[in-house]
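Inside the fold
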Amino acid sequence: MTIAITGATGQLGRLTVEKLKAKLPADQIVALVRSPEKAADLGVPARAFDYNQPETLAAALAGIDTLLLISSSEVGKREAQHAAVIEAAKQAGVGRIVYTSLLRADTSRLSLAGEHLFTEKAIAASGIPYTFLRNGWYTENYAAGVQGAVAHGALIGAAGQGRIAAAARADYADAAVAVLTGTGHENTIYELAGDTAFTLADLAAEISRQTGRDIPFHNLAPAEYAAALTGAGVPAPFAEMLAGWDVEIAQGALFDDGRVLSKLTGHPTTSLADAVKALI
């Protein structure tokens, strides 16, 4: 069995490759990356794989049994990029596609959901057996917020009392490895999220506990939050996107209590305390 991972030099990709190496010989793992020289430290074969050069993708997938398609980081370009990968997988005879999607992509109101749902439908229509890993939020998404809170004495956001069932990237990587190396996952969708949900006030309380300082959560109106992010150097379009996500988070967009992630990996997801410790 040969498993290929797109975006293998990214944060989730690197974790997945390292965890796969504990399960499989390195020569059965292929890193698909834009610049193979940047993947030398992964210790597995690397092939050039550029979403924006679709005519080259099928050759790069030759001999691949299972493809882990880690969603592109280029929001707004994912539909075309992912469609090119799926077409190349059909041409190359790939036996299965595992795709990292978004929690409840079919019903989510998060602006990210559309491109993920498009990709899921395209994979299903391809006829290639699939597994959709609908990943919830990464706790690491709050790295900048946590560090900013420590620096400035307060955590800000616009998510109100919305509960966030986040998990560490390592937890999601473990789920990917379980599916890539296991059986019985064909044509299955997994809604993946952390075991214990938290609010941003809970996050601020944990930062306070670990730093020994009183660091409150200030819930702002979405426009105020976007303006604060812009003032901190975040590009305005992205700041507005982040504020928009918080509005949906306040309505439960990232809450899940199914504990499918920990059931799939066989261990509890990373605790909020451990996640904050790593971020601090």
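Residues numbered from 1 in each chain as written. Predicted model: local features only at pLDDT ≥ 70, side-chain atom pairs only at ≥ 80, totals over all residues. Heavy atoms only, no water.

Inspection of helix H11 (residues 272-279) places Ala275, Val276 and Leu279 among the buried residues, and these make up the whole buried set. Mapping the buried residues of H11 onto a view down its axis gives an arc of 95°, with all of them on the same face. Across from the buried face of H11, at angles greater than 90 degrees, the exposed residues are Lys277 and Ala278. Contacts from the buried residues of H11 go to helix H5 (143-152) and helix H7 (200-211). (Buried < 20%, exposed > 50% of the residue type's maximum accessible area, 1.4 Å probe, protein only. Helix = DSSP H or I, 4+ residues; strand = E, 2+ residues; numbered from the N terminus. Arc of directions from axis to C-beta. Contact = heavy atoms within 4.5 Å.)

Take the packing of aromatic side chains next. Counted according to the given criterion, the structure contains six aromatic pairs. Ring centres of Tyr142 and Phe198 lie 6.4 Å apart, and the angle between their planes is 70°; on these two criteria the pair is classed as edge-to-face. Highlighted residues: Tyr142 in the loop between strand E6 (130-135) and H5 and Phe198 in the loop between strand E8 (188-192) and H7, separated in sequence by 56 residues. In terms of burial, Tyr142 and Phe198 fall into one category: buried. (Phe/Tyr/Trp six-rings, centres within 6.5 Å; stacked < 30°, edge-to-face > 60°.)

Moving on, we come to the pattern of salt bridges. Scanning all chains against the criterion turns up 13 salt bridges. Its salt-bridge partner being Asp50, residue Arg34 comes within 3.8 Å of it at the nearest N-O pair. Of this pair, Arg34 sits in the loop between strand E2 (29-33) and strand E3 (46-48) while Asp50 sits in the loop between E3 and helix H2 (57-60), and the two are 16 residues apart along the sequence. For Arg34, a relative accessible area of 47% puts it in the partly exposed group. Residues joined in a network through salt bridges with shared partners are Arg34, Asp50, Glu74 and Lys77. (Salt bridge = Lys/Arg side-chain N within 4 Å of Asp/Glu carboxyl O.)

What follows covers unusual backbone geometry. Glycine aside, the phi torsion of most residues is negative, and most peptide linkages are trans. Within the chain, Asn187 stands out as a residue other than glycine whose phi angle is a positive 50°. In this fold, Asn187 is placed in the loop between helix H6 (169-181) and E8. Taking the relative accessible area as the measure of exposure, Asn187 reaches 46% and is therefore partly exposed. One non-glycine residue with positive phi stands out, namely Arg259, at about 55°. Tracing the chain through its elements places Arg259 in the loop between helix H9 (236-250) and helix H10 (260-265).

Here the focus is the side chain of Gln81. The residue Gln81 is located in helix H3 (residues 78-92) in this model. At 2.8 Å, the side chain of Gln81 forms a polar contact with the side chain of Glu74. Ignoring any residue separated from it by four or fewer positions in sequence, one finds Gln81 in contact with Arg34, Tyr51, Asn52, Ser72 and Glu74. (Polar contact = N/O pair within 3.5 Å; in protein donor to acceptor, adjacent residues only side chain to side chain.)

Turning to the sheet that holds E2, a few remarks are in order. Strand pairing in a sheet relies on backbone hydrogen bonds, with the paired strands running either antiparallel or parallel. Sheet architecture is open: seven strands sit in the order E3-E2-E1-E4-E5-E6-E8, paired in parallel fashion. Because the sheet does not close on itself, it has two edges, and the strands there are E3 and E8. When the angles between neighbouring strand axes are averaged without regard to direction, this sheet yields 20°. Strand direction decides the pairing type here: E2 and E3, joined by three bridges, are parallel. Along E3, the bridge assignment pairs Ala31 with Ala46. The sheet strands contacting helix H1 (residues 11-21) are strand E1 (3-6), E2, strand E4 (66-69), strand E5 (96-102) and E6, and the helix crosses E1 at an angle near 160°. (Pairing = 2+ DSSP bridges. Axes fitted to C-alpha atoms, helices over the stretch in contact; angles between N-to-C directions.)

Distances and angles like these do not, on their own, reveal function.
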